Amino acid sequence: MRITANQLTIIRIICLPIPCVLLYGGLAAKLVALSLFALLGFTDYLDGVLARRYGTTPFGTLFDPIADKIFITVIYIPFVQLGYVPLWAAFLLFLREFLITEIRRLLSRTKQELRVTELAKSKTTIQMGGAAFILLVYLVPDRRLVVALFCLPLAVAVVLAAVDLIRRGRIPHRTMLALGCFSYILAIAAVFPKRQSALLYMVVILGFTYASGLQYLRVFYSAWRETGGSLLGVFLRLITGFLVPMAALAMVRFVPEASWMVILILSFDFASQGLDIWVAALGREERTKERLKRMVMIPLALIAGVGFFAFTDVQTAATAFLWISLSLSGIYGAVDFYGHRQLLLASTSSS
């Protein structure tokens, strides 16, 4: 029986909560979490190989990007709570992800799409791999051992580069990128203590994340100018598309122990946005559902949040806002997927 790319995607989504929970355990639990994240990250590469070999399916087109975004959610939100990554860095990371996803959703309604660039593919790998190095910096107390460990991937990249140079007469782009990244990682680990090393790794992750985003923004701006649409209207739609999950992420500053709610809120929103993109690409209009979100859900969450902040202490208000946002996001996501269950079942059967 042949394992399909779709089955690997489903396995990845189902298994992601396990290493996420293990991150909050002791050293042994964190090492197991790191191993599981590495294994699940490899399935992301493997299902891409299978999709290219046997062709993509509607199910894979929808859920593979969702799985990638949930992957970084269950890694970086715990990192914030554990103190491995500052909140502002995670905020910038997810702001880009929601912004580009929302741009994709808006363009899909005009029958246009943002083609995945080579830099964007590398960005996902760097986000996942960078998280592993950040975790290792904190898990291994001896800097010399950290440096020794980080020499291994650099040595592998050097060997691959030499093989490519001998066989093909050139070094591929991805190998050059690996050489540069692993050299940077090794140099930082050798010079800086763990907190500064993790921060500098995060800066590079954000650099690649936003560099790939700028490519998409240029395409989006050119495409939207051709439609003659109002840029102010587009700007407002983009903001309302990710206002609640980003506000929820900001609440981690006041109630870090409620990070699990933020993980669920962001995951629900990524899943709903992905479904909206897919449905719009099929020619289905989602005007009613969009108005429900923009004119009911978002105002309700924000008004309730402001009310709690006005009359209670900050921690109580932040917790209340997260509960309200989680309830609304969960209900919205459940209704969204239930409303399109026939399309989802059809895409699954055609996989």
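The notes below deal with the structure included here.

## Considerations on the overall build of the protein chain
Turning to step 1, where the next piece is worked out: From N to C terminus, the protein chain includes 14 helices and zero strands.
Turning to step 2, where the next piece is worked out: In sequence order, the protein chain lays out its α and β elements as α-α-α-α-α-α-α-α-α-α-α-α-α-α.
Turning to step 3, where the next piece is worked out: The burial tally for the protein chain puts 47% of its 351 residues in the buried class.
Turning to step 4, where the next piece is worked out: Intrachain contacts of the protein chain at a sequence separation of at least 6 include 80% that bridge at least 24 residues.

## Here's the deal with the nonpolar core
Turning to step 1, where the next piece is worked out: The biggest cluster of nonpolar side chains holds 82 residues, and the ones touching the most others in it are Y76, F79, F94, I134 and F150.
Turning to step 2, where the next piece is worked out: Filtering out sequence-adjacent residues up to four positions away, I134 remains in contact with F79, Y84, V85, A198, Y201, M202 and I205.

## A few points about helix α7 (residues 143-168)
Turning to step 1, where the next piece is worked out: With 26 residues, α7 ought to run about 38 Å at 1.5 Å a step, and its terminal C-alpha atoms sit 37 Å apart, in line with that.
Turning to step 2, where the next piece is worked out: What α7 keeps buried is the set V146, F150, L154, A157, A161 and D164.
Turning to step 3, where the next piece is worked out: Capping the start of α7, D142 holds a side-chain oxygen 2.9 Å from the backbone nitrogen of R144, two or three residues further along.
Turning to step 4, where the next piece is worked out: One or two residues past the end of α7 sits G169, with phi positive at roughly 80°.

## Comments concerning helix α1 (residues 5-15)
Turning to step 1, where the next piece is worked out: Along α1, the residues classified as buried are A5, N6, L8, T9 and R12. Mapping the buried residues of α1 onto a view down its axis gives an arc of 160°, with all of them on the same face.

## Some words on the pattern of salt bridges
Turning to step 1, where the next piece is worked out: What the rule picks out here adds up to six salt bridges.
Turning to step 2, where the next piece is worked out: The partner of R96 in a salt bridge is E97, and the shortest N-O contact between them spans 3.3 Å. The residues R96 and E97 share a single accessibility class, namely buried.
Turning to step 3, where the next piece is worked out: A salt bridge links K123 to E97; the nearest nitrogen and oxygen atoms lie 3.1 Å apart. Here E97 lies in helix α5 (residues 87-108) and K123 lies in helix α6 (residues 118-139), a separation of 26 residues in the sequence.
Turning to step 4, where the next piece is worked out: Taken together, the shared-partner salt bridges connect K69, R96, E97 and K123 into one network.

## Remarks on the side chain of T175
Turning to step 1, where the next piece is worked out: For T175, the location among the structural elements is in helix α8 (residues 173-191).
Turning to step 2, where the next piece is worked out: A relative accessible area of 12% means that T175 is categorised as buried.
Turning to step 3, where the next piece is worked out: In contact with T175, not counting residues within four places along its chain, are A157, L160, A161 and D164.

What counts and how
Every chain is numbered independently, its residues counted from 1 as its sequence is written. In keeping with the predicted nature of the model, local features appear solely for residues at pLDDT of at least 70, side-chain atom pairs appear and are counted solely at 80 or more, and the whole-chain, interface and lining totals rest on all residues. Hydrogens and water are ignored here; the side-chain numbers use all heavy atoms of the structure. Helical segments are the DSSP runs of H or I of at least four residues, strand segments are the runs of E of at least two, and each set is numbered from the N terminus. Burial classification: accessible surface area is computed with a 1.4 Å probe over protein chains only, and a residue below 20% of its type maximum counts as buried, one above 50% as exposed, and the rest as partly exposed. Throughout, a residue-residue contact means that at least one pair of heavy atoms, one from each residue, lies within 4.5 Å. What we call a nonpolar core is a set of buried Ala, Val, Leu, Ile, Met, Phe, Trp, Tyr and Cys residues that are connected through their side-chain atoms within 4.5 Å. Expected span of a helix: the number of residues minus one, times 1.5 Å. Between N or O atoms, a polar contact is any pair within 3.5 Å; within protein, one atom must be a potential hydrogen donor and the other a potential acceptor, and residues adjacent in sequence are included only when both atoms are from side chains. In this description, the arc belongs to the directions extending from the helix axis to the C-beta atoms. One side-chain nitrogen of Lys or Arg within 4 Å of one carboxyl oxygen of Asp or Glu is enough to make a salt bridge.

It is worth stressing that arrangement in space is one thing and function is another; only the former is reported here.
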